Amino acid sequence: MFSDRTLWNLTPNALSAHLAARRASRRPFDDLTESNPTRVGLGLAHGPAWSALAAPAVARYEPDPRGLPVAREAVCAYYAARGHALTPDDLVLTASTSEAYAWLFKLLCDAGDEVLVAHPSYPLFDDLAKLEGVTLRAVPLADEGRWELDVDALASAVTPRTRAVLIVHPNNPTGSLVSREAREALVAMCARRGLALVVDEVFGDYAWRDDRTRAGSFCDEDRALTFTLSGLSKVLAMPQLKLGWMVVRGPRALRDEAIARLDMIADSYLSVGAPVQHAAASLLAHRESVQGAIRARVAANLGALRAGLHGGSCATLLAADAGWYAMLRVPRTRSDDAWVRALLDDDDVLVQPGWFFDVPREGVLVVSLLPEEPVFARAIARVLARIDAA
Ligand SMILES: Cc1ncc(COP(=O)(O)O)c(C=O)c1O
(Lines give C-alpha, C1' and ligand atoms only; values in the text may rest on other atoms or scores of the structure.)
Protein backbone atom coordinates (compact mmCIF):
# COMPACT_ATOMS: atom_id res chain seq x y z
CA MET A 1 0.00 0.00 0.00
CA PHE A 2 2.69 2.55 1.01
CA SER A 3 5.80 3.86 -0.68
CA ASP A 4 9.30 2.76 0.25
CA ARG A 5 10.17 6.43 0.66
CA THR A 6 7.95 6.56 3.74
CA LEU A 7 9.11 3.26 5.17
CA TRP A 8 10.57 4.66 8.39
CA ASN A 9 11.54 2.82 11.53
CA LEU A 10 9.11 4.59 13.84
CA THR A 11 10.13 2.73 17.00
CA PRO A 12 11.64 5.31 19.36
CA ASN A 13 15.32 4.68 20.08
CA ALA A 14 16.32 3.81 23.67
CA LEU A 15 17.24 7.40 24.50
CA SER A 16 13.96 8.83 23.16
CA ALA A 17 12.01 6.24 25.15
CA HIS A 18 13.98 7.15 28.28
CA LEU A 19 13.26 10.85 27.72
CA ALA A 20 9.55 10.20 27.10
CA ALA A 21 9.36 8.35 30.43
CA ARG A 22 11.12 11.22 32.18
CA ARG A 23 8.73 13.76 30.68
CA ALA A 24 5.77 11.60 31.71
CA SER A 25 7.07 11.58 35.30
CA ARG A 26 6.69 15.40 35.32
CA ARG A 27 9.92 15.78 37.29
CA PRO A 28 11.39 19.00 35.90
CA PHE A 29 14.79 19.29 34.26
CA ASP A 30 16.86 22.02 32.61
CA ASP A 31 16.74 21.57 28.86
CA LEU A 32 20.06 22.29 27.15
CA THR A 33 18.66 20.96 23.88
CA GLU A 34 16.18 23.84 23.59
CA SER A 35 16.82 25.59 20.29
CA ASN A 36 13.37 27.00 19.61
CA PRO A 37 14.00 30.73 20.03
CA THR A 38 10.35 31.51 20.66
CA ARG A 39 10.37 29.32 23.79
CA VAL A 40 13.30 31.15 25.40
CA GLY A 41 12.19 34.76 25.06
CA LEU A 42 13.89 35.38 21.70
CA GLY A 43 12.55 36.20 18.24
CA LEU A 44 10.44 39.18 17.24
CA ALA A 45 8.28 40.10 20.26
CA HIS A 46 4.61 40.50 19.48
CA GLY A 47 3.92 44.18 18.81
CA PRO A 48 3.27 46.80 16.13
CA ALA A 49 5.71 45.17 13.67
CA TRP A 50 3.28 42.29 13.36
CA SER A 51 0.47 44.46 11.99
CA ALA A 52 2.14 44.31 8.57
CA LEU A 53 0.88 40.72 8.37
CA ALA A 54 -2.65 42.12 8.07
CA ALA A 55 -1.95 44.81 5.45
CA PRO A 56 -4.86 45.47 3.02
CA ALA A 57 -2.83 44.01 0.13
CA VAL A 58 -3.07 40.60 1.81
CA ALA A 59 -6.75 40.43 0.80
CA ARG A 60 -5.84 39.98 -2.87
CA TYR A 61 -4.64 36.70 -4.36
CA GLU A 62 -2.04 37.50 -6.97
CA PRO A 63 0.45 34.66 -6.78
CA ASP A 64 3.88 34.75 -8.36
CA PRO A 65 5.67 31.36 -8.46
CA ARG A 66 9.03 32.86 -7.48
CA GLY A 67 7.44 34.95 -4.71
CA LEU A 68 5.85 38.39 -4.77
CA PRO A 69 8.23 41.07 -6.10
CA VAL A 70 7.72 43.11 -2.93
CA ALA A 71 9.02 40.21 -0.82
CA ARG A 72 11.93 39.43 -3.13
CA GLU A 73 12.92 43.11 -3.02
CA ALA A 74 12.85 42.96 0.78
CA VAL A 75 15.19 39.95 0.72
CA CYS A 76 17.50 41.82 -1.72
CA ALA A 77 17.58 44.76 0.73
CA TYR A 78 18.61 42.34 3.50
CA TYR A 79 21.53 41.11 1.37
CA ALA A 80 22.43 44.66 0.30
CA ALA A 81 22.79 45.60 3.98
CA ARG A 82 25.27 42.71 4.27
CA GLY A 83 27.22 43.98 1.26
CA HIS A 84 25.83 41.73 -1.48
CA ALA A 85 24.14 43.18 -4.57
CA LEU A 86 21.39 40.80 -5.72
CA THR A 87 18.34 41.39 -7.89
CA PRO A 88 14.84 40.02 -7.30
CA ASP A 89 15.45 37.78 -10.35
CA ASP A 90 18.13 35.92 -8.37
CA LEU A 91 15.55 34.75 -5.81
CA VAL A 92 12.96 32.02 -5.44
CA LEU A 93 10.91 32.16 -2.24
CA THR A 94 9.78 29.04 -0.39
CA ALA A 95 7.79 28.38 2.77
CA SER A 96 10.95 27.21 4.55
CA THR A 97 14.50 26.14 3.93
CA SER A 98 13.32 22.55 4.23
CA GLU A 99 10.96 23.13 1.31
CA ALA A 100 13.82 24.71 -0.67
CA TYR A 101 15.73 21.44 -0.26
CA ALA A 102 12.75 19.44 -1.55
CA TRP A 103 12.50 21.68 -4.63
CA LEU A 104 16.24 21.51 -5.28
CA PHE A 105 16.27 17.73 -5.02
CA LYS A 106 13.40 17.64 -7.57
CA LEU A 107 15.26 20.10 -9.80
CA LEU A 108 18.64 18.36 -9.74
CA CYS A 109 18.05 14.66 -9.11
CA ASP A 110 16.26 11.68 -10.53
CA ALA A 111 15.43 8.81 -8.19
CA GLY A 112 18.67 7.13 -7.12
CA ASP A 113 20.88 10.14 -7.89
CA GLU A 114 23.27 11.24 -5.19
CA VAL A 115 24.00 14.38 -3.25
CA LEU A 116 27.19 14.66 -1.21
CA VAL A 117 26.80 16.19 2.23
CA ALA A 118 29.55 17.17 4.65
CA HIS A 119 28.98 15.48 8.04
CA PRO A 120 28.36 15.92 10.97
CA SER A 121 25.42 18.15 10.12
CA TYR A 122 21.71 18.82 10.43
CA PRO A 123 19.91 15.46 10.77
CA LEU A 124 16.77 16.43 8.80
CA PHE A 125 18.66 16.18 5.49
CA ASP A 126 18.37 12.39 5.53
CA ASP A 127 14.57 12.49 5.60
CA LEU A 128 14.31 15.36 3.10
CA ALA A 129 16.44 13.41 0.63
CA LYS A 130 14.65 10.12 1.22
CA LEU A 131 11.29 11.78 0.53
CA GLU A 132 12.58 12.79 -2.93
CA GLY A 133 14.14 9.39 -3.68
CA VAL A 134 17.63 10.92 -3.44
CA THR A 135 20.63 9.18 -1.88
CA LEU A 136 22.66 11.32 0.50
CA ARG A 137 26.31 10.33 0.70
CA ALA A 138 27.94 11.60 3.85
CA VAL A 139 31.52 12.80 3.54
CA PRO A 140 33.14 13.52 6.92
CA LEU A 141 34.45 16.95 7.78
CA ALA A 142 38.12 16.75 8.71
CA ASP A 143 38.45 16.88 12.51
CA GLU A 144 41.76 18.61 13.11
CA GLY A 145 41.10 20.52 16.30
CA ARG A 146 38.38 22.30 14.34
CA TRP A 147 35.96 20.98 11.77
CA GLU A 148 37.18 21.72 8.26
CA LEU A 149 35.61 20.95 4.89
CA ASP A 150 37.65 18.22 3.20
CA VAL A 151 37.32 19.05 -0.52
CA ASP A 152 39.63 16.20 -1.57
CA ALA A 153 37.36 13.73 0.26
CA LEU A 154 34.31 15.28 -1.44
CA ALA A 155 35.99 15.03 -4.87
CA SER A 156 36.85 11.36 -4.24
CA ALA A 157 33.24 10.59 -3.31
CA VAL A 158 31.84 11.85 -6.64
CA THR A 159 30.28 9.09 -8.76
CA PRO A 160 28.46 9.24 -12.11
CA ARG A 161 25.22 9.61 -10.08
CA THR A 162 26.40 12.63 -8.09
CA ARG A 163 24.43 15.78 -8.89
CA ALA A 164 25.24 18.22 -6.11
CA VAL A 165 27.30 19.01 -3.03
CA LEU A 166 25.50 20.29 0.06
CA ILE A 167 27.25 22.25 2.77
CA VAL A 168 25.98 24.19 5.78
CA HIS A 169 27.91 27.45 6.27
CA PRO A 170 28.14 27.99 9.19
CA ASN A 171 27.45 24.38 9.95
CA ASN A 172 24.96 23.06 12.49
CA PRO A 173 25.94 21.86 15.09
CA THR A 174 29.74 22.16 14.60
CA GLY A 175 29.51 25.95 14.14
CA SER A 176 32.28 25.76 11.55
CA LEU A 177 32.56 28.19 8.64
CA VAL A 178 34.19 27.04 5.42
CA SER A 179 37.69 28.53 5.03
CA ARG A 180 38.40 30.84 2.10
CA GLU A 181 40.82 28.27 0.73
CA ALA A 182 38.30 25.42 0.93
CA ARG A 183 35.68 27.60 -0.75
CA GLU A 184 37.93 28.20 -3.74
CA ALA A 185 38.69 24.49 -4.07
CA LEU A 186 35.04 23.52 -3.63
CA VAL A 187 33.69 25.95 -6.22
CA ALA A 188 36.39 24.93 -8.72
CA MET A 189 35.61 21.24 -8.14
CA CYS A 190 31.85 21.75 -8.64
CA ALA A 191 32.42 23.81 -11.82
CA ARG A 192 34.85 21.23 -13.22
CA ARG A 193 32.72 18.17 -12.39
CA GLY A 194 29.39 19.75 -13.42
CA LEU A 195 27.92 19.60 -9.92
CA ALA A 196 25.52 22.07 -8.34
CA LEU A 197 26.49 23.61 -5.03
CA VAL A 198 23.84 23.98 -2.32
CA VAL A 199 24.91 26.22 0.57
CA ASP A 200 22.69 26.44 3.64
CA GLU A 201 23.43 29.79 5.30
CA VAL A 202 20.56 29.93 7.79
CA PHE A 203 23.04 30.71 10.61
CA GLY A 204 24.98 33.22 8.47
CA ASP A 205 24.14 36.19 10.72
CA TYR A 206 25.45 34.52 13.87
CA ALA A 207 29.26 34.53 13.59
CA TRP A 208 31.00 34.69 16.98
CA ARG A 209 33.82 36.90 15.72
CA ASP A 210 35.20 38.48 12.57
CA ASP A 211 37.65 35.99 11.05
CA ARG A 212 39.20 36.90 7.69
CA THR A 213 40.37 33.32 7.09
CA ARG A 214 36.74 32.17 6.78
CA ALA A 215 34.67 32.50 3.59
CA GLY A 216 31.77 34.94 3.37
CA SER A 217 28.33 34.25 1.90
CA PHE A 218 28.12 32.22 -1.31
CA CYS A 219 25.05 34.25 -2.39
CA ASP A 220 26.84 35.95 -5.29
CA GLU A 221 28.97 33.01 -6.39
CA ASP A 222 28.85 32.79 -10.20
CA ARG A 223 31.60 30.30 -11.04
CA ALA A 224 29.43 27.20 -10.41
CA LEU A 225 25.64 26.78 -10.28
CA THR A 226 25.08 27.80 -6.66
CA PHE A 227 21.94 27.80 -4.54
CA THR A 228 22.25 29.74 -1.28
CA LEU A 229 19.50 29.02 1.24
CA SER A 230 18.22 31.02 4.18
CA GLY A 231 14.99 32.32 5.67
CA LEU A 232 13.17 34.04 8.50
CA SER A 233 13.42 30.90 10.60
CA LYS A 234 16.89 32.02 11.74
CA VAL A 235 17.26 35.54 10.28
CA LEU A 236 14.35 36.71 12.48
CA ALA A 237 14.24 33.63 14.72
CA MET A 238 10.65 33.17 13.57
CA PRO A 239 10.23 29.69 12.06
CA GLN A 240 6.45 29.99 12.35
CA LEU A 241 6.27 32.79 9.76
CA LYS A 242 7.18 30.27 7.05
CA LEU A 243 9.30 32.31 4.67
CA GLY A 244 12.51 30.93 3.25
CA TRP A 245 14.42 31.56 0.05
CA MET A 246 17.09 30.41 -2.30
CA VAL A 247 19.45 32.69 -4.17
CA VAL A 248 20.20 31.16 -7.57
CA ARG A 249 23.51 32.16 -9.14
CA GLY A 250 26.04 30.68 -11.50
CA PRO A 251 27.08 30.69 -15.15
CA ARG A 252 24.31 32.55 -17.02
CA ALA A 253 22.84 29.72 -19.12
CA LEU A 254 22.77 27.25 -16.20
CA ARG A 255 21.30 29.79 -13.84
CA ASP A 256 18.55 30.78 -16.30
CA GLU A 257 17.63 27.14 -16.92
CA ALA A 258 17.55 26.47 -13.18
CA ILE A 259 15.27 29.45 -12.57
CA ALA A 260 12.94 28.46 -15.42
CA ARG A 261 12.58 24.94 -14.04
CA LEU A 262 12.19 26.19 -10.46
CA ASP A 263 9.40 28.44 -11.73
CA MET A 264 7.48 25.33 -12.79
CA ILE A 265 8.14 23.53 -9.50
CA ALA A 266 7.11 26.58 -7.48
CA ASP A 267 4.03 27.13 -9.65
CA SER A 268 2.89 23.59 -8.86
CA TYR A 269 2.72 24.42 -5.14
CA LEU A 270 2.48 28.21 -4.65
CA SER A 271 3.16 27.48 -1.02
CA VAL A 272 4.33 30.80 0.39
CA GLY A 273 1.55 32.73 2.12
CA ALA A 274 0.68 36.28 1.06
CA PRO A 275 0.70 37.82 4.60
CA VAL A 276 4.36 37.05 5.28
CA GLN A 277 5.38 38.17 1.80
CA HIS A 278 3.67 41.55 2.14
CA ALA A 279 5.11 41.95 5.64
CA ALA A 280 8.66 40.81 4.78
CA ALA A 281 10.16 44.32 4.48
CA SER A 282 8.59 45.56 7.73
CA LEU A 283 9.55 42.42 9.61
CA LEU A 284 13.12 42.34 8.29
CA ALA A 285 13.55 45.95 9.43
CA HIS A 286 13.61 44.55 12.99
CA ARG A 287 16.31 41.99 12.43
CA GLU A 288 19.10 43.95 14.16
CA SER A 289 17.31 43.93 17.51
CA VAL A 290 16.27 40.28 17.19
CA GLN A 291 19.76 39.18 16.19
CA GLY A 292 21.41 41.43 18.78
CA ALA A 293 19.46 39.72 21.56
CA ILE A 294 20.41 36.29 20.24
CA ARG A 295 24.08 37.22 19.90
CA ALA A 296 24.09 38.57 23.45
CA ARG A 297 22.47 35.35 24.75
CA VAL A 298 24.90 33.12 22.87
CA ALA A 299 27.90 35.19 24.04
CA ALA A 300 26.77 35.13 27.68
CA ASN A 301 26.19 31.37 27.64
CA LEU A 302 29.47 30.71 25.85
CA GLY A 303 31.16 32.86 28.49
CA ALA A 304 29.59 30.79 31.27
CA LEU A 305 30.67 27.59 29.53
CA ARG A 306 34.24 28.80 29.02
CA ALA A 307 34.46 30.01 32.63
CA GLY A 308 33.33 26.58 33.81
CA LEU A 309 35.93 24.85 31.66
CA HIS A 310 38.70 27.20 32.71
CA GLY A 311 39.62 25.61 36.02
CA GLY A 312 41.07 22.43 34.52
CA SER A 313 37.89 20.57 33.58
CA CYS A 314 38.40 17.31 31.70
CA ALA A 315 35.78 18.45 29.16
CA THR A 316 36.84 20.76 26.31
CA LEU A 317 34.95 23.03 23.96
CA LEU A 318 35.38 22.09 20.30
CA ALA A 319 36.58 25.07 18.22
CA ALA A 320 33.78 26.80 16.32
CA ASP A 321 33.04 30.06 14.53
CA ALA A 322 29.32 30.65 14.70
CA GLY A 323 25.82 29.45 15.46
CA TRP A 324 23.60 28.53 18.38
CA TYR A 325 25.31 25.34 19.61
CA ALA A 326 28.42 24.24 21.45
CA MET A 327 30.05 20.83 21.19
CA LEU A 328 31.81 19.43 24.22
CA ARG A 329 34.46 16.75 24.08
CA VAL A 330 34.00 14.54 27.13
CA PRO A 331 35.94 11.53 28.42
CA ARG A 332 35.03 8.26 26.71
CA THR A 333 34.76 6.53 30.07
CA ARG A 334 31.15 5.78 29.14
CA SER A 335 29.09 5.97 25.96
CA ASP A 336 27.54 9.28 24.93
CA ASP A 337 24.10 7.79 25.59
CA ALA A 338 25.24 6.84 29.10
CA TRP A 339 26.41 10.44 29.69
CA VAL A 340 23.04 11.77 28.51
CA ARG A 341 21.15 9.38 30.77
CA ALA A 342 23.33 10.09 33.81
CA LEU A 343 22.96 13.84 33.34
CA LEU A 344 19.21 13.56 32.98
CA ASP A 345 18.63 11.06 35.79
CA ASP A 346 21.13 12.33 38.36
CA ASP A 347 21.59 16.01 37.50
CA ASP A 348 18.27 16.97 35.88
CA VAL A 349 19.88 18.33 32.70
CA LEU A 350 19.10 17.25 29.15
CA VAL A 351 21.88 17.39 26.51
CA GLN A 352 22.22 15.73 23.10
CA PRO A 353 24.67 12.99 22.15
CA GLY A 354 26.96 13.69 19.18
CA TRP A 355 25.64 10.71 17.21
CA PHE A 356 22.33 12.53 16.85
CA PHE A 357 24.18 14.75 14.34
CA ASP A 358 26.25 11.87 12.93
CA VAL A 359 29.42 12.80 14.80
CA PRO A 360 31.53 9.80 13.80
CA ARG A 361 32.90 8.96 17.26
CA GLU A 362 31.94 8.77 20.91
CA GLY A 363 32.90 11.44 23.44
CA VAL A 364 30.93 14.41 22.10
CA LEU A 365 27.91 16.09 23.67
CA VAL A 366 25.98 18.97 22.08
CA VAL A 367 24.33 21.81 24.01
CA SER A 368 22.17 24.67 22.77
CA LEU A 369 23.40 28.18 23.62
CA LEU A 370 19.88 29.65 23.49
CA PRO A 371 18.44 28.84 26.95
CA GLU A 372 17.93 31.80 29.30
CA GLU A 373 21.22 32.72 31.01
CA PRO A 374 20.34 31.63 34.58
CA VAL A 375 19.06 28.27 33.31
CA PHE A 376 22.14 27.72 31.14
CA ALA A 377 24.57 28.75 33.91
CA ARG A 378 23.14 26.44 36.56
CA ALA A 379 22.68 23.53 34.12
CA ILE A 380 26.14 23.70 32.56
CA ALA A 381 27.69 23.87 36.04
CA ARG A 382 26.00 20.56 36.86
CA VAL A 383 27.09 19.04 33.53
CA LEU A 384 30.74 19.95 34.13
CA ALA A 385 30.63 18.81 37.76
CA ARG A 386 29.30 15.41 36.65
CA ILE A 387 31.96 15.04 33.95
CA ASP A 388 34.78 16.08 36.27
CA ALA A 389 33.58 13.75 39.03
CA ALA A 390 33.68 10.72 36.73
C1 LIG B 1 21.08 24.00 9.09
C2 LIG B 1 19.59 24.16 9.04
N3 LIG B 1 18.98 24.25 7.85
C4 LIG B 1 17.64 24.39 7.77
C5 LIG B 1 16.86 24.44 8.89
C6 LIG B 1 15.37 24.54 8.75
O7 LIG B 1 14.98 25.82 8.53
P8 LIG B 1 13.47 26.12 8.07
O9 LIG B 1 12.69 26.39 9.32
O10 LIG B 1 13.59 27.32 7.21
O11 LIG B 1 12.99 24.93 7.33
C12 LIG B 1 17.45 24.35 10.16
C13 LIG B 1 16.63 24.39 11.37
O14 LIG B 1 17.11 24.34 12.49
C15 LIG B 1 18.84 24.19 10.23
O16 LIG B 1 19.47 24.06 11.40
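On a predicted model such as this, the values are computed, not experimentally measured, just so you know.

Trainee: Explain the side chain of Thr94 here, please?
Mentor: Mapped onto the elements of the fold, Thr94 is located in strand E2 (residues 91–94). Judged by its relative accessible area of 0%, Thr94 falls in the buried class. Engagement of the side chain of Thr94 in a polar contact is seen with the backbone oxygen of Ser96, the distance being 2.8 Å. Not counting the four nearest positions on each side in its chain, Thr94 is found in contact with Glu99, Ala100, Trp103, Lys242, Leu243, Gly244, Trp245, Met246 and Val272.

Trainee: Help me out: how do you make sense of the pattern of salt bridges in this one?
Mentor: Side chains carrying opposite charge are able to pair once their charged atoms draw close together. This structure, assessed with the given rule, holds 32 salt bridges. One salt bridge in this structure joins Arg214 and Glu148, with 3.0 Å as the shortest N-O distance. Pair noted here: Arg214 is in the loop between strand E8 (196–200) and strand E9 (226–231) and Glu148 is in strand E6 (residues 147–148), with a separation of 66 residues, a long-range link. Across this residue pair, the class does not change: Arg214 and Glu148 are buried.

Trainee: How should I be thinking about the pairing of strand E10 (residues 244–249) in this particular structure?
Mentor: Looking along a regular strand, one sees side chains alternate from face to face of the sheet. Within E10, 6 of the 6 residues are buried, which leaves it mostly tucked inside the rest of the structure. Here E10 shows a buried face lined by Gly244, Met246 and Val248 and a second buried face lined by Trp245, Val247 and Arg249. Taken together, the 4 bridges between E2 and E10 define a ladder with antiparallel strand orientation. Residue pairing across strands places Leu93 opposite Trp245, the latter belonging to E10. By the bridge criterion, 6 bridges tie E9 to E10 in an arrangement that is antiparallel. What sits directly across from Thr226, in E10, is Arg249.

Trainee: Quick question: what am I supposed to make of the site of the ligand here?
Mentor: Around the ligand sit Ser96, Thr97, Ser98, Tyr122, Val168, Asn172, Asp200, Val202, Phe203, Ser233 and Lys234, and those are all the residues in its vicinity. One nitrogen or oxygen atom from the side chain of Asp200 is found 2.6 Å from a nitrogen atom belonging to the ligand. Lys234 has a polar side-chain atom sitting 2.9 Å from an oxygen atom of the ligand. Relative to its unbound accessible surface of 400 Å², the ligand loses 89% to contact with the protein. At the level of elements, helix H3 (97–108) and helix H7 (232–235) are the ones that each hand at least two residues to the shell around the ligand. In terms of residue class, the shell around the ligand is made up of 4 nonpolar, 5 polar and 2 charged.

Trainee: How should I be thinking about the packing of helix H10 (residues 287–310) against helix H12 (residues 373–389) in this particular structure?
Mentor: Each packed pair of helices is defined by two parameters, the angle between the axes and the distance between the axes. At a closest axis distance of 10 Å, the pairing of H10 and H12 adopts a crossing angle of 25 degrees. By the angle between their axes, H10 is roughly parallel relative to H12. In the crossing of H10 with H12, the sense of the turn from one axis to the other is right-handed. Between H10 and H12, the residues in contact are Ala296, Arg297, Ala300, Asn301, Ala304, Leu305, Gly308 and Leu309 and Glu373, Phe376, Ile380 and Leu384, respectively. Partitioning the contact of H10 with H12 into residue classes produces 8 nonpolar, 2 polar and 2 charged.

Trainee: Would you take a moment to explain the sheet that holds strand E3 (residues 114–119) for this structure?
Mentor: Strands pair in a sheet through their backbones, by hydrogen bonds, and they do so in one of two ways: parallel or antiparallel. Spatially, 7 strands are ordered E2-E10-E9-E8-E7-E3-E4 in an open sheet, and the strand pairing comes out mixed. Here the strands that pair on one side only, and so sit at the sheet edges, are E2 and strand E4 (135–140). Strand-to-strand twist in this sheet, taken as the mean axis angle between neighbours without regard to direction, amounts to 25 degrees. Along the sheet, helix H4 (residues 124–131) contacts E3, E4, strand E7 (162–168) and E8; its crossing angle with E4, the most-contacted strand, is approximately 150 degrees.

Trainee: Sorry, what's going on with the packing of H3 against H4 here?
Mentor: Close contact between H3 and H4 brings their axes to 9 Å; oriented N to C, the two are set at 40 degrees. Classified by the interaxial angle, the pair formed by H3 and H4 is oblique. Seen from above, H3 lies across H4 with right-handed handedness. Only Leu124, Phe125, Leu128 and Ala129 of H4 make contact with H3, whose side of the interface consists of Ser98, Tyr101 and Phe105. Looking at the contact of H3 with H4 residue by residue, the classes come out as 6 nonpolar, 1 polar and no charged.

Trainee: Please explain a nonpolar patch on the surface as it appears in this structure.
Mentor: A cluster of nonpolar residues, Trp8, Leu10 and Leu131, forms a patch on the protein surface that exposes about 320 Å² of accessible area. Position of Leu131 among the secondary structure elements: in helix H4. Look at Leu131 and you get partly exposed, because its relative accessible area is 36%.

Rules used in this analysis
Residues numbered from 1 in each chain as written. Predicted model: local features only at pLDDT ≥ 70, side-chain atom pairs only at ≥ 80, totals over all residues. Heavy atoms only, no water. Helix = DSSP H or I, 4+ residues; strand = E, 2+ residues; numbered from the N terminus. Buried < 20%, exposed > 50% of the residue type's maximum accessible area, 1.4 Å probe, protein only. Polar contact = N/O pair within 3.5 Å; in protein donor to acceptor, adjacent residues only side chain to side chain. Contact = heavy atoms within 4.5 Å. Salt bridge = Lys/Arg side-chain N within 4 Å of Asp/Glu carboxyl O. Pairing = 2+ DSSP bridges. Near = heavy atom within 4 Å. Areas by Shrake-Rupley, 256 points an atom, 1.4 Å probe, with all protein chains shown as cover. Nonpolar A, V, L, I, M, F, W, Y, C, P; charged D, E, K, R; others polar. Axes fitted to C-alpha atoms, helices over the stretch in contact; angles between N-to-C directions. Parallel < 35°, antiparallel > 145°, perpendicular 65-115°, else oblique. Left-handed = near helix turned anticlockwise from the far one by under 90°. Patch = residues over 30% accessible without salt bridge, like charges linked within 9 Å, V, L, I, M, F, W, Y side chains within 5 Å.

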